[in-house]
Amino acid sequence: MFYSFIRVVARIVVAIINGNSHYLNKEKLPEGNYIVVGPHRAWFDMIYFALAASPKRFSFMAKRELFKNPVLRYILDHANAFPVDREHPGPSAIKTPVKWLRKRDISLIMFPSGTRHSQEMKGGVALIAKLSGVPIVPTVYQGPLTFKSLFSRKRVTVAFGDPIYLDRKAKMTDEKQNKLFAKMEAEFEKLDQQVDPNFKYVDVSKHSTK
């Protein structure tokens with residue numbers, strides 16, 4: 001109930017602030033649970049991913065420090081978030097999402113690059129997908145990159161790609177993992193081209209004036 005309430009609130013806030021959201025290829029979303037993965041371009045792109053794939057419910061990782069505040073912890077717990085130590089991720093970073101994907105009607109949003117300022121792929125998404133037996137859905141966000149720029153009401157687009165299925169019985173070697181990463185990157189590029197052939201992501205944190 002709390003997740004549904006938060007989603008309604010988020011949809012209203014997004015409509016008021018921006019009101020120019022477009023969601024492409026929703027028909028490609030598979031039945032059952034899956035993992036939405038995409039390049040992390042803005043701190044709020046996760047919200048748009050969840051709204052775009054609605055009515056599906058999602059879980060997501062949040063840094064452990066956020067759970068120290070009791071009020072925020074309550075909100076995060078009821079919004080299907082689970083804590084992760086990003087510096088030293090433990091087994092729970094894998095076990096929790098795998099358990100939820102297998103036993104609950106809830107999907108997962110992950111950013112394989114780890115943070116929105118890193119382009120290095122992380123192996124967690126491959127391991128979680130393999131152990132849980134759910135497909136990976138490449139997804140991209142194009143639109144304003146700062147909260148302030150959302151008020152410009154410039155177009156926001158979320159596009160879903162073709163699901164990627166992993167063989168649960170096959171060993172995930174470095175070679176296979178690299179091929180998976182390359183396939184995801186290719187899907188991200190394909191989706192960006194579909195949305196806007198002239199799109200080029202610029203990390204605003206590296207181009208802001210001091």
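If you're wondering where the values come from, they're calculated on a predicted model, not measured in any experiment.

1. Describing the overall build of the protein
Of the regular secondary structure elements, the protein holds 7 helices and 7 strands. Its C-alpha atoms give the protein a radius of gyration of 17 Å, near enough to 17 Å, the size a compact globule of 210 residues would have. Taking the principal axes of the C-alpha coordinates as reference, the protein spans close to 50 × 45 × 40 Å. Looking at the protein as a whole, 43% of its 210 residues qualify as buried. The contacts of the protein with a sequence gap of at least 6 include a subset with a gap of at least 24, amounting to 74%. Counting every atom, the protein has about 11,900 Å² of accessible surface; 57% of that belongs to carbon and sulfur.

2. Re the environment of I16
Within the secondary structure, I16 is located in helix α1 (residues 2-17). A relative accessible area of 61% means that I16 is categorised as exposed.

3. Some details on the packing of helix α4 (residues 92-103) against helix α5 (residues 124-132)
How two helices pack is summed up by the angle between their axes together with the distance between the axes. Interaxial distance between α4 and α5 falls to 9 Å at its minimum, and their mutual angle equals 40°. As the angle between them shows, α4 and α5 are arranged oblique. Between α4 and α5 lies a crossing whose hand is right-handed. Contacts between α4 and α5 involve A93, I94, P97, V98, L101 and R102 on the former and, on the latter, G124, L127, I128, L131 and S132. Of the residues that constitute the contact of α4 with α5, the class distribution is 8 nonpolar, 2 polar and 1 charged.

4. Side note on the packing of aromatic side chains
For the coordinates displayed, the defined rule picks out 10 aromatic pairs. Seen in terms of ring centroids, F44 and Y48 are 6.4 Å apart; in terms of plane orientation they differ by 65°. Their pairing is edge-to-face. Neither residue differs from the other here; F44 and Y48 are each classed as buried. When the centroid spacing of 5.4 Å and the interplanar angle of 85° are considered together, the rings of F147 and F151 count as edge-to-face. Residue classification places F147 among the partly exposed residues on the basis of a relative accessible area of 38%.

5. What to know about the sheet that holds strand β3 (residues 58-63)
Read across the open sheet, the 7 strands follow the order β1-β7-β6-β2-β5-β3-β4; overall the sheet is mixed. Two strands in the sheet have a free side with no partner beyond their single neighbour: β1 (21-24) and β4 (81-84). Across this sheet, the average inter-strand angle for adjacent strands is 25°, counted without regard to direction. Two elements, β1 and strand β7 (residues 156-160), share 4 bridges in a ladder whose sense is parallel. Across the sheet, residue S21 finds its bridge partner in β7, namely V156.

6. Digging into the environment of I136
Within the fold, I136 resides in strand β6 (residues 136-142). For I136, a relative accessible area of 0% translates into the label buried. Put simply, I136 and I109 are 27 residues apart on the chain and 9.8 Å apart in space, counted from C-alpha to C-alpha. Look past the residues within four positions of I136 in its chain and what remains in contact with it is I35, V37, V125, A129, D162, P163, I164, L166, L180 and M184.

Each value, and the rule that gives it
Residues numbered from 1 in each chain as written. Predicted model: local features only at pLDDT ≥ 70, side-chain atom pairs only at ≥ 80, totals over all residues. Heavy atoms only, no water. Helix = DSSP H or I, 4+ residues; strand = E, 2+ residues; numbered from the N terminus. Rg over C-alpha atoms; globule rule 2.2 N^0.38 Å. Buried < 20%, exposed > 50% of the residue type's maximum accessible area, 1.4 Å probe, protein only. Contact = heavy atoms within 4.5 Å. Areas by Shrake-Rupley, 256 points an atom, 1.4 Å probe, with all protein chains shown as cover. Axes fitted to C-alpha atoms, helices over the stretch in contact; angles between N-to-C directions. Parallel < 35°, antiparallel > 145°, perpendicular 65-115°, else oblique. Left-handed = near helix turned anticlockwise from the far one by under 90°. Nonpolar A, V, L, I, M, F, W, Y, C, P; charged D, E, K, R; others polar. Phe/Tyr/Trp six-rings, centres within 6.5 Å; stacked < 30°, edge-to-face > 60°. Pairing = 2+ DSSP bridges.

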